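Descriptive structure summary
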Amino acid sequence: MRTKIVAGNWKMNKTFEEADDLINNIIDLLKSENLSDKAVIICPPAVFLELATDQSFDSEIYVGAQNVSRFESGAYTGEISASMLSSMGVDFCIIGHSERRKYFLETHEELAGKVDQVLKQNISPVFCCGETLPERESGKHFEIVRKQIEDSLFHLKEGDFEHVIIAYEPVWAIGTGVNATSQQAQEMHHYIRSLVREKYGDQMAENISILYGGSCNSKNAHELFANPDVDGGLIGGASLDAEEFIRIVQSF
Ligand code: PEP
């Protein structure tokens, strides 16, 4: 059975004290939850990763980064390498978020490089894909998502691909308050799983966790997560409040 995952993407939010409080509150609230078949991941800004891995030691949460360098090490001012993340106890890394594609012009090829870097350090990529509104309206959404996945993930060997998590995040749903309908999410997740099946076979397709992201909150999570191909969520805004985030974790 594949793992159900709720991952919080804090984006560029919170001060040190606020991050400290949020991590502690999430850990406290999770103590009374049964998480046997679920994984809860928090992805704070890079400067708070050490705080998060320290606090989460011996707790039920995993820590993920929001970005990583596609280079291994050296003269790349401002960059953070996968080995640095790994040395801090980071287990997951968001790669290919639409905000990074849009504002930092990250290409499929660069994203493939980032995926390779994290896998070398035993960090699982949470690879984001998804179409813009014009792309959906012109009926190109399947083609766009297929290209994103093929170009950045399908060079991987089976032994590496089995560590990948995919997050379908329609760009028009991110931070807009307009989530994909349950039917739209299921249709795309089913399609993504079929791509994985074609390339890597049945077992890989059955085992891969495919998360939904885009204005997911405690009001819509239950319906979205009830779909057979939706294995959890990548949560932005709603992950910044501990109680709301836990309600989403309880939505399975
Ligand atoms: C995200 O940024 O990954 C995201 C899903 O954001 P939000 O939940 O705020 O739409």
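Here's a quick rundown of the structure. Treat the numbers as computed from the prediction; the structure is a model and nothing was measured.

A count of helical and extended segments in the protein chain gives 12 helices and 8 strands. The globule rule puts the C-alpha radius of gyration for 252 residues at 18 Å, and the 17 Å found for the protein chain is close to it. C-alpha atoms of the protein chain, sized along the principal axes, occupy 45 × 45 × 35 Å. In the protein chain, which comprises 252 residues, the proportion classed as buried is 51%. Considering only intrachain contacts with a sequence separation of at least 6, the fraction spanning at least 24 residues in the protein chain is 71%.

Counting through the fold element by element, histidine 97 comes out in the loop between strand 4 (92–95) and helix 4 (98–103). On the accessibility criterion, histidine 97 (5% relative accessible area) is buried. Within polar-contact distance, the side chain of histidine 97 engages the backbone nitrogen of glutamate 99 at 3.0 Å. Side-chain polar atoms of histidine 97 contact the side chain of glutamate 169, separated by 3.3 Å. Each residue touching histidine 97, except ones within four places of it in the same chain, is listed here: Asn9, Lys11, Cys128, Glu169 and Ile174.

As a structural note, the neighbourhood of the ligand is formed by 14 residues, with Lys11, His97, Glu169, Gly175 and Ser215 the closest of them. A distance of 2.7 Å is found between an oxygen atom of the ligand and a side-chain nitrogen or oxygen belonging to histidine 97. A distance of 2.7 Å is found between an oxygen atom of the ligand and a side-chain nitrogen or oxygen belonging to glutamate 169. Calculation on the ligand without its partners gives an accessible area of 300 Å², and the protein chains cover 95% of this total. Of the residues contributing to the shell around the ligand, the split by class is 4 nonpolar, 8 polar and 2 charged.

What follows deals with the environment of methionine 1. As for its placement among the helices and strands, methionine 1 is situated in the segment before strand 1 (4–9). Methionine 1 gets classed as exposed once you look at its relative accessible area, which sits at 87%. Sequence separation between methionine 1 and isoleucine 165 is 164 residues; the distance between their C-alpha atoms is 14 Å.

On to the nonpolar core, then. Formed by 66 residues in total, the largest nonpolar core has its most connected members in Ile26, Ile149, Leu153, Phe161 and Ile166. In contact with phenylalanine 161, not counting residues within four places along its chain, are Leu153, Phe154, Leu156, Val196, Tyr200, Met204 and Ile208. Counting residues in hydrophobic clusters, the runner-up holds 13 residues, among them Ala7, Ala39, Phe92 and Leu234.

A separate point is the state of the cysteines. Taken as a whole, this structure holds 0 disulfides when the rule is applied. For cysteine 128, which is in no disulfide, the shortest distance to another cysteine sulfur is to cysteine 129 and amounts to 7.5 Å.

Reading around the circumference, 1-2-3-4-5-6-7-8 is the order of the 8 strands in this closed barrel, with parallel pairing throughout. On average, each strand axis in the sheet is inclined to that of its neighbour by 25°, with strand direction left out of account. Taken together, the 4 bridges between strand 1 and strand 8 (residues 232–235) define a ladder with parallel strand orientation. Considered in strand 8, the bridge of glycine 8 is made with isoleucine 235. Contacts between helix 9 (residues 182–200) and the sheet are confined to strand 5 (124–129), strand 6 (165–168) and strand 7 (210–213), with strand 7 contributing the most and set at about 145° to the helix.

This brings us to the pairing of strand 2 (residues 38–43). Counting buried positions along strand 2 yields 6 of 6 residues, so the element is predominantly enclosed. In strand 2, alternate side chains face the same way, and those of Lys38, Val40 and Ile42 on one face and Ala39, Ile41 and Cys43 on the other are all buried. Examined bridge by bridge, strand 1 and strand 2 share 6 bridges and lie parallel to one another. From the neighbouring strand, valine 6 faces strand 2, where its bridge partner is valine 40. Of the crossover connections in this fold, the one passing from strand 1 over helix 1 (residues 16–30) to the parallel strand 2 is right-handed. For strand 2 and strand 3 (residues 61–65), the ladder comprises 3 bridges, and the chain directions are parallel. The partner of valine 40 across the bridge, within strand 3, is isoleucine 61. Read from strand 2 through helix 2 (residues 49–56) to strand 3, the crossover connection turns out right-handed.

Position of serine 239 relative to the elements: it lies in the loop between strand 8 and helix 12 (242–249). Residue serine 239 is classed as buried on the basis of its relative accessible area of 0%.

Thresholds, definitions, all that
- The written sequence of each chain sets the order in which its residues are numbered from 1.
- Two thresholds apply to this predicted model, a pLDDT of at least 70 for residue-level local features and 80 or more for giving and counting side-chain atom pairs, whereas whole-chain, interface and lining totals are computed over all residues.
- Here the side-chain values reflect all heavy atoms present in the structure, with hydrogen atoms and water set aside.
- Helix numbering and strand numbering both begin at the N terminus, where a helix is a DSSP run of H or I of at least 4 residues and a strand a DSSP run of E of at least 2.
- To get the radius of gyration, use the C-alpha atoms; to get the globule rule, take the number of residues to the power 0.38 and multiply by 2.2 Å.
- Only protein chains enter the accessibility calculation, which uses a 1.4 Å probe; a residue whose area is less than 20% of its type maximum is buried, one above 50% is exposed, and one in between is partly exposed.
- Residues are treated as being in contact if the distance between any of their heavy atoms lies within 4.5 Å.
- In protein, a polar contact means a hydrogen-donor-capable atom and an acceptor-capable atom, both N or O and within 3.5 Å, with residues adjacent in sequence counting only if both atoms are side-chain atoms; elsewhere, any N or O pair within 3.5 Å suffices.
- Near residues are defined by distance, with any heavy atom within 4 Å of the molecule or strand qualifying the residue.
- In these tables, accessible area is a Shrake-Rupley quantity obtained with a 1.4 Å probe, and a residue counts as shielded only by the protein chains included in the view.
- The residue classification treats Ala, Val, Leu, Ile, Met, Phe, Trp, Tyr, Cys and Pro as nonpolar and Asp, Glu, Lys and Arg as charged. All others, Gly included, are polar.
- We define the nonpolar core as a collection of buried residues of types Ala, Val, Leu, Ile, Met, Phe, Trp, Tyr and Cys that are connected through side-chain atoms lying within 4.5 Å of one another.
- Pairs of cysteine sulfur atoms within 2.5 Å are identified as disulfides in what follows.
- Should DSSP find at least two bridges between two strands, the strands are regarded as paired.
- Think of each axis as a best-fit line through the C-alpha atoms, taken over the contacting stretch in the case of a helix, with angles from 0 to 180 degrees between the N-to-C directions.
- Looking down the strands as they point away from you, a crossover is right-handed if its path from the first strand over the helix to the second goes clockwise.

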